[in-house]
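For reference, the chains in residue letters:
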Amino acid sequence: MQEDFFDKLEEVEDIERKINELRREIERHNLLYYQKTAPEISDFEYDRMVKELEQLEAEYPQYRQEISPTVKVSSDLTGEGQVRPHLERMYSLDNAYSLEEVQAFFAKIALEEGAYPQVVLEHKLDGFSINLFYENGQLQYATTRGNGFEGEDVTTNVRTIACIPQKIDFRGRVEIRGEIFFPVAEFARMNAEREENGDNLFANPRNAAAGTIKLKDSALVAERKLTAFFYATGLLEGEEIATQMELLKFLQDNGFPVNPESRLVSDFAGMEAYCDKWDEQRFTLPWEIDGIVIKINERKLQEKLGYTAKSPKWAIAYKFKAVEKETELLAVDFQVGRTGAVTPRATLAPVQLAGTTVTHATLHNADEIRRLDLHLGDIVTVIKSGEIIPKVTGVRAEKRKTGAKAVLFPENCPVCGTELHREVEGAIYYCNNIDCPAQVHRRLTHFASREAVDIEGLGEKLVEQLIDNGLIKRIEDIYSLDFAAVAALERQAAKSVENLKAAIEKSKLQKFSKLLFGFGIRHVGDKTAKVLVQHFGNIEAFTSATVDDFLEVEEVGEKIALSLVEFFANEKNRAMIHSLEEAGVVLRQEETLLGTKLAGKTFLVTGTLENYSRQQIKSAIEAEGGRILSSVSKNLDYLVVGENPGSKVKKAEKLENVKIIGEQEIEEMLK
Ligand code: AMP
Ligand code: ZN
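Every value quoted in this text rests on a predicted model; they were computed, and no experiment measured them.

## Quick word on the site of ligand 1
Piece 1. The immediate surroundings of ligand 1 are formed by 15 residues, with Ser 92, Ser 129, Arg 145, Glu 179 and Lys 295 found nearest.
Piece 2. Within the backbone of Leu 125, one N or O atom sits 3.1 Å away from a nitrogen atom of ligand 1.
Piece 3. In the model, an oxygen atom of ligand 1 is placed 3.3 Å from a nitrogen or oxygen of the Ser 129 side chain.
Piece 4. About the coverage of ligand 1: the protein hides 90% of its 490 Å² of free accessible area.
Piece 5. Secondary structure elements with two or more residues in the shell around ligand 1: strand S3 (119-125) and strand S10 (289-296).
Piece 6. A total of 4 residues in the shell around ligand 1 trace back to one element, the largest contributor, which is S3.

Right, dumping it as C-alpha cells:
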C-alpha cells in the first residue's frame, strides 16, 4: 500500500519532469528554427515532440500552461527588426500525420453539420509565411508571422521579390498572406554556389527562405530568386468573399501568384486521392511541399467553427512522412575545396530515397561529426534535406558493432598534410597552405573561368596538364607562361597555343572586380567583389585596408572582413599581386563607367523612400560615384532619411560631419 503510493508519486513526478523537459526542448528547437534558422532536428522529429507534449497535457491537465509551446505560435521575432502589429492575427495550423486523423477531423464536422463539408486542398509549401499590407492599391509594408500578433518588418527585402505586386487593383485595406519560398532549382543553385565559395550550406529551402528574408542586405535578397504563393487574407475591407475558392480567385485577379494545383472536393475519397497523389509525386514539383493543407471552403462555416489558441478549427495540415532511410556508412572522406575548406562526405551503401539512388551524403562539418558520434560501419539515417542533398541525420548507436572505428575529423590536410585551422566564429576547417595541390588546381581553374578573369581555352584539363608538367603552380605563373613548353605538350596545336596567348593577354585588361573574384578569397563571391571594388577602387586600397575599413561597406560582415585582411596580409598573396602588376595586369577599376556627381561622398539611407526601393537608391548613388556606408560614423557625409527612419537619425544628429537630407534633396543631387 505504502509502496504503491510512493510508486504513484514518483510516476507523477516523472510526468511533470517529462512535460517540463519537452517544453524546454521544444522551445530550444523553436529558437534554433525560427530565429537562428539553424535547426538541429528534422521537422518530423519536432512534430513528434509536440504531439507527445500535447498527449501528456491532455492526459494530465493539471500541468497545462498558458505559455506551453502547444498553445503558443512559435515566434520568429529576433528583436532586431522593427515590429508591427498584425491587423488580424496570423495563426498556425494543426497537423495530422495520417489520413485516419484527417478523416476523423472532418467526420466530426460532418456529424455536427449534418452534411460533409466542401473543402479546398492546397499544397503545404515549405517556406516562410509572409503578410503584405496594401492600402489604396499600394504595398505599404510586409511583415513576418512573428508571434502571430505582431511581426517583423521585412518590406525592403520583400520589394525585391519579383512576383509580389507593388500595386494592385483592389483599393481597400487588406492583409494578403502566403508563403515565400525557394524553387527547388534555385535552392540547388545557391547551395552549389555556397559550396564553391566555401560557405556553410543551407539546411533546406525553408531555412534558406527564412534566412534570406531577414538579411540586412536587400541586394543579396534580390540576387536570390525567392518566389511566393498566396492563399489567405487577414484584414479585408470592402469586399465580401464567401469561400476559399473565391478568395483564391480574388488573389489571382489582383496579380498575386496562386498555386495552380489547389482543388475543391466534397468528400473524403477526394481528399484521400489528392493527398496520396502528391505524397507520391511531390518530388516532381518545382517547389517543395511537406504536406497538404485542407481547408473548409465556406467562410460562414469557418467562422462558426472558429479557432483554438493557435490554429483555425476549420483547417488541418496533413503532413507527409519524412523520407528517411537507414543504410550503412561505408566511409567518410574529406575533400579540400578551392578556398581550402575541408568538407566531410559520407559514402553509403546505396539506398533508394525520394526517387533516386543515394550513395553519398553530406556531413556538413566537424561539429556535425562530433554531434553524430559517427563510427565506420554504423547504420545511419539519411534524409534528402531540401530533397536535393542527402544528409546524414542520425546514427543507430545501438546497432554498432563492437570495435567499430570512430570517424575523426583530420587535424591535418588530407592532401598536403598542413595543420588545419578553424575559422574564427565558424565551423569550417581550412588548409591554409596556398600551394596545397588540392587547392591549386581548383583555384587556377576558378581564376581562368568565365565568371572570373575569363581566359578562354584555359579549362580544367589544360590547367591539370600545365600543373602536372610543372609549368604553373600559382595564379601569377599564368602571366609568365613558357609558351614554347606549352606547344611541346601533347595534344597542343600551334593554333591553340596562339589563341591561349591572346586570351591571356586580353585577360590583363579584365575588370578589376572579376580579378578580385578570381583570387578566390573566402566568402568573397562575385557580387561582393563588385561592391568591394566600387568602394576601394584599386589594389593599394585593398592591401592597406583594415578590418574596420572593410566593415564600412554595408554588404561586408565580420567574416568577410577578416577573410579579406587575412588574404591581403599573406606574403604569398602580396607576391602574387606584385607579379601581376609587373606583368601589366590592371588592378584598378576603370572610373569612366561611373558618373562623378557624388564622387568621394559617402551616404547612408534610413527609412522608406517614396520613389526608390533601398536597392534603387543605392544603385543610383553608386552610379554617380558615391559610396554607401553601413553605419553612422565620422566618415559619413550624408544621411538620407525617409519614412519611419530608425535610430540612425539620432546618432547622426550628434555628429557634425553628417548632413541629414531628405528624398528630394538626394534627387536634386543626382540630377
Ligand atoms: P506551422 O508552420 O506548422 O505553424 O504551419 C502553419 C504554416 O504553414 C502557416 O503559417 C503557413 O506559413 C504555412 N503554409 C504553407 N502552405 C500553406 C497553405 N496552403 N495554407 C496555409 N498555410 C500554409
Ligand atoms: Zn592542403
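## Regarding the coordination of the zinc ion (ligand 2)
Piece 1. Within the protein, Cys 413 (SG), Cys 416 (SG), Cys 431 (SG) and Cys 436 (SG) serve as the donor atoms for the zinc ion (ligand 2), at 2.2 to 2.4 Å.
Piece 2. Each of the 4 donor atoms bound to the zinc ion (ligand 2) contributes to angles spanning 98 to 116°, and the resulting shape is tetrahedral.
Piece 3. In this structure Cys 413 comes out as buried when scored by relative accessible area, which is 4%.

## Structural notes on the environment of Asn 30
Piece 1. With respect to the helices and strands, Asn 30 occurs in helix H1 (residues 2-35).
Piece 2. Taking relative accessible area as the criterion, Asn 30 reaches 8% and is therefore assigned buried.
Piece 3. In the structure, Asn 30 is positioned 45 residues away from Ser 75 in sequence and 7.6 Å away in space, judged by C-alpha atoms.

## Considerations on a negative patch on the surface
Piece 1. A cluster of acidic side chains, namely Glu 100, Glu 272, Asp 276 and Glu 280, defines a negative patch on the protein surface.
Piece 2. Looking at which element gives the most residues to the negative patch, the answer is helix H9 (residues 268-281), with 3 residues.
Piece 3. Among the structural elements, Glu 272 can be located in helix H9.
Piece 4. You can call Glu 272 partly exposed: its relative accessible area is 32%.

## Remarks on the pairing of strand S13 (residues 341-353)
Piece 1. Bridge analysis of strand S12 (residues 324-336) against S13 gives 7 bridges, and the strand direction is antiparallel. By the bridge assignment for S13, Gln 335 is matched with Thr 343.
Piece 2. Joining the antiparallel neighbours S12 and S13 is a turn of 4 residues, in which Gly 340 adopts a positive phi near 90°.
Piece 3. Sheet topology places S13 next to strand S18 (residues 429-431); 2 bridges connect them, and they run antiparallel. From the neighbouring strand, Ala 341 faces S18, where its bridge partner is Tyr 430.

## Here we look at the confidence of the model for the chain
Piece 1. Averaged over all residues, the pLDDT of the chain is 87; the fraction at 70 or higher stands at 93%.
Piece 2. At the level of individual helices and strands, the chain shows its lowest average pLDDT in H1, which scores 71, and its highest in helix H8 (residues 244-253), which scores 98.

Definitions and cut-offs
- Residues numbered from 1 in each chain as written.
- Chains lettered and ligands numbered in written order.
- Predicted model: local features only at pLDDT ≥ 70, side-chain atom pairs only at ≥ 80, totals over all residues.
- Heavy atoms only, no water.
- Near = heavy atom within 4 Å.
- Polar contact = N/O pair within 3.5 Å; in protein donor to acceptor, adjacent residues only side chain to side chain.
- Areas by Shrake-Rupley, 256 points an atom, 1.4 Å probe, with all protein chains shown as cover.
- Helix = DSSP H or I, 4+ residues; strand = E, 2+ residues; numbered from the N terminus.
- Donors = N, O, S within 2.8 Å, 3.2 Å for Na, K, Ca; no water.
- Tetrahedral: all angles 85-135°; square planar, octahedral: opposite > 155°, others 65-115°.
- Buried < 20%, exposed > 50% of the residue type's maximum accessible area, 1.4 Å probe, protein only.
- Patch = residues over 30% accessible without salt bridge, like charges linked within 9 Å, V, L, I, M, F, W, Y side chains within 5 Å.
- Salt bridge = Lys/Arg side-chain N within 4 Å of Asp/Glu carboxyl O.
- Lys, Arg positive; Asp, Glu negative; His and termini not counted.
- Charge placed at Lys NZ, Arg CZ, Asp CG, Glu CD.
- Pairing = 2+ DSSP bridges.
- pLDDT = per-residue confidence, 0-100.

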